[in-house]
Amino acid sequence: MDKLSDRVKRLGYSQTFVMSNKAREMKAAGIDVISLTLGEPDFDVPDNIKQAAFDAINQNYSHYSPVPGFLELREAVAYKLKRDNNLEYKPSQICVSNGAKQAILNVLASVVNDGDEVLLPAPYWVSYDEMVKMMGGTSVMLPTSYVTDFKITAQQLEEAITDKTKAILFSSPCNPSGGYYTYDELHSMAKVIAKYPHVTVISDEIYEFINYETKTTSIAQFPEVYEQTAVINGMSKAFAMTGWRIGYSACPEWLAKACEKVQGQMTSGANTMAQRASITALKTDPSEYKYMIDAFQKRRDLVYDLMKEIPGFKVLLPKAAFYFFPDISYYIGKNLNGVEIKDSDDFAMFLLEHAHVGSVGGVSFGSPECIRFSYAASEEDLREAMKRIKDTLAPFNS
């Protein structure tokens, strides 16, 4: 008798962690691997945030918090949303979760029934499709490409919405493309979505601060879709607090209450010390942490110059986040050192085993012709990684 549920058997493993674990295994075996797999800032948590966590321990914040988070933290989130995004939310509209991933799952669990469709503009973060499956929904991919700057159009969105559509889930700035939707692009999308009140927008804005051109626009800023939109954000990227596991959603009241209900039956409130530290982080002027953004931008420019020199890579300059997502379709269908490259997952494994550079193929991102590299690494490692890739591919481009 099969003991596993159909739900679990439908799920795949995160390709990001598959590749990062493979890179770790090779390192443990003594192989000099440069891993550009994980989307994790390589900075330490700022000292004022760490001190706030120590203070919370000493002040005995060691008991259960309210399910949606401490009131003071939800007030800090509301303050941040007003300061940075010109969004008005009350604390009762905010649910603090164990990372942004749980915040997304809370929303999906609240709105998706078995068989409902969720629109996913591709490329999308690897977990989106699996999250939809977990909730019994069906993902509908909206394709984009290198040519379209990896963004959908309002017309494309309109053509995709049906009576079965329950939500659209996307990130802006985008993991993995490093692009973002402009004010005008989001406004055009909002006008379409407003015509379909049965559709919920799940706007993942976790990379909001890592934007090298402008302030990130939230689709919730448009009044016509405010009551349809769940804004997702968290502490991991802008504050290098990946292991602290604090994310949050800001929703209309009806959805916020549903998220609280779901979370109350799953995990209850998030880590109390991390919540208290997050209050300090959110209330601090973002300019205090800009040194991390400046470093990412310098690395981006470095990698862009080096990656343009790799034959067969079609590369866009990322405007946000800390990823490159080049189109490597030139290599698909080729035989490299006896390895048949059927898609970018095969290509990523080839680079890991032959160039000793870890990356993530684009199949799980919905773009099998592309590959993701994180540049949240030292300049020395980034230079060496690009050199290894170029040298490894050179025999196939002579």
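In what follows, the structure referred to is the one given above.
Source: prediction; values computed, not measured. (Residues numbered from 1 in each chain as written. Predicted model: local features only at pLDDT ≥ 70, side-chain atom pairs only at ≥ 80, totals over all residues. Heavy atoms only, no water.)

(A) Expanded view of the layout of surface pockets. Size it by volume and the largest pocket reaches roughly 550 Å³. Within the residue set of the lining of the largest pocket, elements represented by two or more residues are α2 (15-28), α5 (100-111) and α6 (126-134). Partitioned by chemical class, the residues of the lining of the largest pocket number 13 nonpolar, 11 polar and 6 charged. In this structure, the second largest pocket spans a volume of roughly 380 Å³. (1 Å grid on protein atoms, 1.4 Å probe; cavity = no way out; pocket = protein on both sides within 12 Å on 5 of 7 lines; lining within 4 Å. Points joined across faces, edges and corners; volume = space filled by probe spheres on them. Helix = DSSP H or I, 4+ residues; strand = E, 2+ residues; numbered from the N terminus. Nonpolar A, V, L, I, M, F, W, Y, C, P; charged D, E, K, R; others polar.)

(B) Up close: the pairing of strand β5 (residues 165-171). Of all 7 residues making up β5, 6 are buried, and the element is well covered by its neighbours. One ladder, built from 3 bridges, connects strand β3 (residues 117-121) with β5; its direction is parallel. By the bridge assignment, Val 118 is partnered in β5 with Ala 167. Pairing geometry for β5 and strand β6 (residues 200-204), over 5 bridges, is parallel. Residue pairing in the sheet places Ala 167 in a bridge with Thr 200 of β6. Regarding the hand of the β-α-β motif, the stretch spanning β5, helix α8 (residues 183-193) and β6 is right-handed. (Buried < 20%, exposed > 50% of the residue type's maximum accessible area, 1.4 Å probe, protein only. Pairing = 2+ DSSP bridges. Right-handed = clockwise from strand over helix to strand, strands pointing away.)

(C) Broad picture of the nonpolar core. Core analysis: the largest hydrophobic core is formed by 74 residues, its most contacted members being Leu 36, Met 307, Phe 313, Phe 347, Phe 373, Ile 389 and Leu 393. The biggest single contributor to this core is α5, with 7 residues. Filtering out sequence-adjacent residues up to four positions away, Ile 389 remains in contact with Ile 310, Phe 313, Leu 351, Ala 355, Val 357 and Phe 373. Tyr 89, Met 235, Ile 246 and Ala 281 belong to the second largest nonpolar core, which has 33 residues in total. (Core = buried A, V, L, I, M, F, W, Y, C linked by side-chain atoms within 4.5 Å. Contact = heavy atoms within 4.5 Å.)

(D) Molecular detail of the sheet that holds β6. The mixed open sheet is built from 7 strands, whose spatial order is β2-β8-β7-β6-β5-β3-β4. The sheet terminates laterally at β2 (94-97) and β4 (138-142), the two strands that pair on one side only. When strand polarity is set aside, the average angle formed by the axes of neighbouring strands in this sheet is 20 degrees. Examined bridge by bridge, β2 and strand β8 (residues 247-250) share 4 bridges and lie antiparallel to one another. Across the sheet, residue Val 96 finds its bridge partner in β8, namely Tyr 248. This element, α5, spans β2, β3, β5, β6, β7 (229-234) and β8 of the sheet and lies at about 160 degrees to β7. (Axes fitted to C-alpha atoms, helices over the stretch in contact; angles between N-to-C directions.)

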